[in-house]
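Residues per chain, in single letters:
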Amino acid sequence: QVQLVESGGGLVQPGGSLRLSCVASGFTFSMYAMNWYRQAPGKERELVATCSPGGNTNYADSVKGRFTISRDNLKSTVYLQMNSLKPEDTAVYYCKTTRWGITTWGQGTQVTVSS
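Residues numbered from 1 in each chain as written. Predicted model: local features only at pLDDT ≥ 70, side-chain atom pairs only at ≥ 80, totals over all residues. Heavy atoms only, no water.

K.L.:
Give a detailed account of the side chain of T77, specifying residues and quantitative values.
P.N.:
Its location among the elements puts T77 in strand β8 (residues 77-82). Accessibility expressed as a relative area gives 5% for T77, which makes it buried. At 2.8 Å, the side chain of T77 and the backbone oxygen of K75 are in polar contact. Ignoring any residue separated from it by four or fewer positions in sequence, one finds T77 in contact with S21, C22, V23, F29, S70, R71 and D72. (Helix = DSSP H or I, 4+ residues; strand = E, 2+ residues; numbered from the N terminus. Buried < 20%, exposed > 50% of the residue type's maximum accessible area, 1.4 Å probe, protein only. Polar contact = N/O pair within 3.5 Å; in protein donor to acceptor, adjacent residues only side chain to side chain. Contact = heavy atoms within 4.5 Å.)

Rendered as structure tokens:
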């Protein structure tokens, strides 16, 4: 059974940092792209960052230069390092993968940026 489990969210002050983790199981992690999405209250879910199987990365313009996605294939884990956090980064963050046309989402982890 394919499963994604996120962790690392929490409450942080503006300008602070958090590192999110997403542990994958049930499939050959190293073969698939991994994505981080986020959904703020009242807004649509949006793509934040993507990491290809080979480690190539892409970012939404709103997080470029502040967020870094990375992966550890030995641990079947994808990370999202978030620096210089802003109140507008407040959202539930989800990891996602798509295999053979089937999309799997994690349960999400809440990130709140507030003073």
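Back to the text.
K.L.:
Run through the environment of Y94, naming residues and quoting values.
P.N.:
Among the structural elements, Y94 can be located in strand β9 (residues 91-99). Spatially, the C-alpha atom of Y94 lies 8.2 Å from that of Q39, the residues being 55 residues apart in sequence. Aside from chain neighbours lying at most four places away, what touches Y94 is E6, N35, W36, Y37, Q39, R45, W105, G106, Q107 and G108.

K.L.:
Explain the pairing of strand β7 (residues 67-72) to me, using residue names and the numbers behind them.
P.N.:
Along a regular strand, successive side chains alternate from one face of the sheet to the other. Of the two faces of β7, only the one carrying F67, I69 and R71 is buried; T68, S70 and D72 on the other face are not. In this sheet, β8 lies alongside β7 in antiparallel orientation, the contact comprising six bridges. When the sheet's bridge partners are listed, R71 is paired in β8 with V78. If you look at the hairpin formed by β7 and β8, you'll find four residues sitting between the two strands, and S76 has a positive phi there, around 50°. (Pairing = 2+ DSSP bridges.)

Purely spatial values, then, with no claim about function.
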